Amino acid sequence: MKKIFMLLSLLAIPRPSWAQSDARPEILVLGTYHMANPGHDIYNMRADDVQSPARQQQIAQLMEMLKKFHPTKIAIEADVGSQRVGREYSDYLAGKYKLSANEIDQIGYRLAKELGHRAIYPVDVDGDFPMLRVINYAKANGRKEKFDAIGAKTAARVKAQGDFLGSHTVLEMLEYLNSDSLVARDVAEYFAMVPFGEPWEYAGSDLLASWYQRNIRIYRNVVALIDSPSERILVIYGAGHLGWLRQDVANDAAVRLRKLGDLTAQNAR
């Protein structure tokens with residue numbers, strides 16, 4: 001029975017022929033702040049006007065840095081299969097669409113056009129984020145104070161990010177958000193939810209599982225874009241997804257993980 005299960009597992013997950021070679025597709029996940037202030041997260045950073053002349057010069061600087069990765073495709077945080085994205089990008093190429101403040105436009109559309117790409121690829125998937133279950137569990141079990149302390153820590157981190165942006169360029173802000181230390185801190189804050197639960201009411205664990213599920217589904221949509229071992233996929237996403245998508249890339253032997261720091265280090269030499 002064990003041998004049959006192993007055989008079925010191998011058949012169910014076909015691996016590309018380049019998985020064991022040195023020539024592997026590269027994936028760079030760029031974690032970014034939400035430039036248009038949509039306010040969709042539990043804790044939201046306030047960003048200044050990315051369309052101001054000063055910020056637009058900084059966006060141009062970012063474009064030149066990202067071009068060093070030589071992306072063959074660009075994936076963005078928009079609903080997979082979105083027809084709106086295709087229309088907007090086609091109109092932008094035709095000079096009939098003005099870029100909004102959203103990072104999808106400011107980084108994704110702009111970079112894709114400058115690189116001569118004829119398409120851009122939405123890969124997002126919606127998912128559950130059952131935070132209310134965790135809050136209710138904490139209240140019902142005398143752990144509300146501990147839960148609030150975790151929230152206060154997250155709020156302080158988000159405020160610090162906003163303060164950093166106020167005195168730094170867009171590229172410097174993204175270097176900060178994409179630093180290994182900040183990414184690890186963000187992932188750790190999700191794991192802080194795990195203790196909020198018990199047998200038959202795994203509120204915190206289920207929250208983490210739901211978040212992981214959403215990100216692994218996003219990752220599936222990213223790797224579906226790969227057509228050859230020379231592919232280089234740039235994935236532009238809110239920084240809250242960064243640590244999880246990086247883990248997915250790093251754990252997949254068929255691809256190679258790249259980071260923004262690789263490009264900035266290359267530039268410093």
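Description of the structure in this document.

A few words on the sheet that holds strand β2 (residues 73-79). Sheet strands line up and pair through hydrogen bonds in the backbone, either parallel or antiparallel. Pairing is parallel across the open sheet formed by five strands, whose spatial order is β3-β2-β4-β1-β5. Each edge of the open sheet carries a strand with a single partner, namely β3 (121-124) and β5 (256-258). Between one strand axis and the next, the sheet turns by 35° as a mean value, whatever way the strands run. As paired elements, strand β1 (residues 26-32) and strand β4 (residues 232-238) share seven bridges and run parallel to each other. Bridging from a neighbouring strand, L30 pairs with I236 of β4.

This part takes up the pairing of β2. Of all the seven residues making up β2, six are buried; the element is thus mostly covered by neighbouring parts of the structure. By the bridge criterion, four bridges tie β2 to β4 in an arrangement that is parallel. Pairing of K73 across the sheet is with I233, part of β4. Across three bridges, β2 lies against β3 in parallel orientation. When the sheet's bridge partners are listed, I76 is paired in β3 with P122.

So, on to the environment of R143. Mapped onto the secondary structure, R143 falls in the loop between α5 (131-140) and α6 (144-166). In the structure, R143 is positioned 53 residues away from F196 in sequence and 8.1 Å away in space, judged by C-alpha atoms. When near neighbours in sequence (up to four residues on either side) are disregarded, R143 contacts Y137, A138, P195 and F196.

Turning our attention to the environment of P71. With respect to the helices, strands and loops of the structure, P71 is situated in the loop between α2 (53-66) and β2. In this structure, the C-alpha to C-alpha distance between P71 and V235, residues 164 residues apart in sequence, is 9.6 Å. Beyond its immediate sequence surroundings of up to four residues, P71 is in contact with L66, L115, H117, R232 and L234.

Quick look at the pattern of salt bridges now. Tallied over the full model, the rule gives 18 salt bridges. With its nearest N and O atoms 3.0 Å apart, the salt bridge here joins D206 to R133. Of this pair, D206 sits in helix α9 (residues 203-223) while R133 sits in helix α5, and the two are 73 residues apart along the sequence. The shortest N-O distance in the salt bridge between D163 and K159 comes to 3.0 Å.

It is worth spelling out the packing of aromatic side chains at this point. Scanning the model with the defined rule gives eleven aromatic pairs in all. An angle of 90° between the planes, with centres 5.6 Å apart, marks the rings of Y190 and W244 as edge-to-face. Of this pair, Y190 sits in helix α8 (residues 180-191) while W244 sits in helix α10 (residues 242-251), placing them 54 residues apart in sequence. Residues Y190 and W244 agree in their burial class; the two are buried. Chaining the aromatic ring pairs together yields one cluster made of F129, Y190, F191, W211 and W244. One Lys or Arg, K113, reaches over the ring of Y92 and ends 4.6 Å from the middle of that ring. Sitting above the plane of the F196 ring, R143 keeps its charged end 5.0 Å from the centroid.

Where α2 contacts helix α4 (residues 103-114), the two axes come as close as 10 Å, and the packing angle between them is 55°. With respect to α4, the axis of α2 lies oblique. Like other packed secondary-structure pairs, α2 and α4 cross with a definite hand, here right-handed. Taking contact as the criterion, the partners of Q56, I59, A60, L62, M63, E64 and L66 in α2 are, on α4, Q106, I107, R110, L111 and E114. Residue composition of the contact of α2 with α4, by class: seven nonpolar, two polar and three charged.

A separate point is the side chain of T32. Within the element layout of this structure, T32 appears in strand β1. The contacts of T32, once residues within four sequence positions are left out, are E103, I107, L174, L177, I236, Y237, G238 and A239.

Rules and cut-offs
Residues numbered from 1 in each chain as written. Predicted model: local features only at pLDDT ≥ 70, side-chain atom pairs only at ≥ 80, totals over all residues. Heavy atoms only, no water. Pairing = 2+ DSSP bridges. Helix = DSSP H or I, 4+ residues; strand = E, 2+ residues; numbered from the N terminus. Axes fitted to C-alpha atoms, helices over the stretch in contact; angles between N-to-C directions. Buried < 20%, exposed > 50% of the residue type's maximum accessible area, 1.4 Å probe, protein only. Contact = heavy atoms within 4.5 Å. Salt bridge = Lys/Arg side-chain N within 4 Å of Asp/Glu carboxyl O. Phe/Tyr/Trp six-rings, centres within 6.5 Å; stacked < 30°, edge-to-face > 60°. Lys NZ or Arg CZ within 6 Å of the ring centre and 35° of its normal. Parallel < 35°, antiparallel > 145°, perpendicular 65-115°, else oblique. Left-handed = near helix turned anticlockwise from the far one by under 90°. Nonpolar A, V, L, I, M, F, W, Y, C, P; charged D, E, K, R; others polar.

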